[in-house]
Amino acid sequence: MALTGLSSADIENCRTAARNGTIHFPTGKVGFDADFPPLSKLEKGKCPKKPLLHQKGIPRFPTDLLELKKLWNVGRLFLKCACTGCEVNFTWLDHMLWYVIDNLDKLDPQAPSDKIKMVDFQALLRTSWRKPILAQVTFLFMREYMMKIVHLSTQTLL
Ligand SMILES: [Zn+2]
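1. Remarks on the sheet that holds strand 2 (residues 77–80)
The strand order across the open sheet formed by three strands is 1-2-3, and the pairing between neighbours is antiparallel. Strand pairing shows two members of the sheet lacking a second neighbour, strand 1 (52–55) and strand 3 (90–92), which therefore form its edges. With strand direction ignored, the average angle separating the axes of adjacent strands in the sheet is 30 degrees. Where helix 3 (residues 93–102) meets the sheet, its contacts fall on strand 1, strand 2 and strand 3, and the angle it forms with strand 3 comes to roughly 75 degrees.

So, in structure tokens, the structure goes:
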């Protein structure tokens, strides 16, 4: 938690939010601007405009495989530009974070040292990215609960 500056109470609040099925960001077309870099800085061919953060909502009870696939991503966060014509141009937030951790130069190629790049990244995690990080942690607990349900259901079959 040192990297993000989250406290034990923050983590516990995320666990509670996951148990309650809390979605932090409004679902739909309106995204949250947390000052994420353009996806084109991270991946060739992506949109050069600044992406907005969105969060997968909770679908109705799955009636078919398509709905079930959506259920697996409940609460998952993703980045997507606001322009029309880029509908497939999104990136899962967790993928972006893992990539950036290993490629800090993508955030600020002008930073004079690796240490400063890490300090800049940490500052983002603790300020403008704080709410998205809390929602991401909540999503991880939601996944954990889903995995537990799967595990329990397989145990009862044995
Ligand atoms: Zn776009």
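2. Examining the confidence of the model for the chain
Put simply, the chain has an average pLDDT of 88, and 95% of its residues get 70 or more. When pLDDT is averaged over each element of the chain, helix 1 (residues 8–19) comes out on top at 95 and helix 2 (residues 65–72) at the bottom at 76.

3. Section: the nonpolar core
Residues L53, L77, L79 and L93 are the most contacted members of the largest nonpolar core, which totals 18 residues. Of all the elements in the fold, those that place two or more residues in this core are helix 1, strand 2, helix 3 and helix 5 (130–157). With five residues, the single largest contributor to this core is helix 5. If we ignore the near neighbours within four places in the chain, the residues touching L79 are F36, L39, P51, L53, F90, T91, L93 and M96.

4. Considerations on the environment of S40
Relative to the assigned elements, S40 resides in the loop between helix 1 and strand 1. We classify S40 as partly exposed; it has 15 C-beta atoms within 10 Å. For S40 and Q136, which are 96 residues apart along the polypeptide, the C-alpha to C-alpha distance reads 22 Å.

5. Here we look at the pairing of strand 2
Burial along strand 2 is one-sided: L77 and L79 are buried, and none of F78 and K80, which face the opposite way, are. Where strand 1 and strand 2 come together, four bridges link them in antiparallel fashion. Looking across to strand 2, one finds that L52 is bridged to K80. As judged from the three bridges shared by strand 2 and strand 3, these two strands associate in the antiparallel manner. Within strand 3, the position partnered with L79 by the bridge is T91.

Rules and cut-offs
Residues numbered from 1 in each chain as written. Predicted model: local features only at pLDDT ≥ 70, side-chain atom pairs only at ≥ 80, totals over all residues. Pairing = 2+ DSSP bridges. Helix = DSSP H or I, 4+ residues; strand = E, 2+ residues; numbered from the N terminus. Axes fitted to C-alpha atoms, helices over the stretch in contact; angles between N-to-C directions. Contact = placed C-beta atoms within 7 Å. pLDDT = per-residue confidence, 0-100. Core = buried A, V, L, I, M, F, W, Y, C linked by C-beta atoms within 7 Å. Buried ≥ 20, exposed ≤ 12 C-beta atoms within 10 Å, placed from the backbone.

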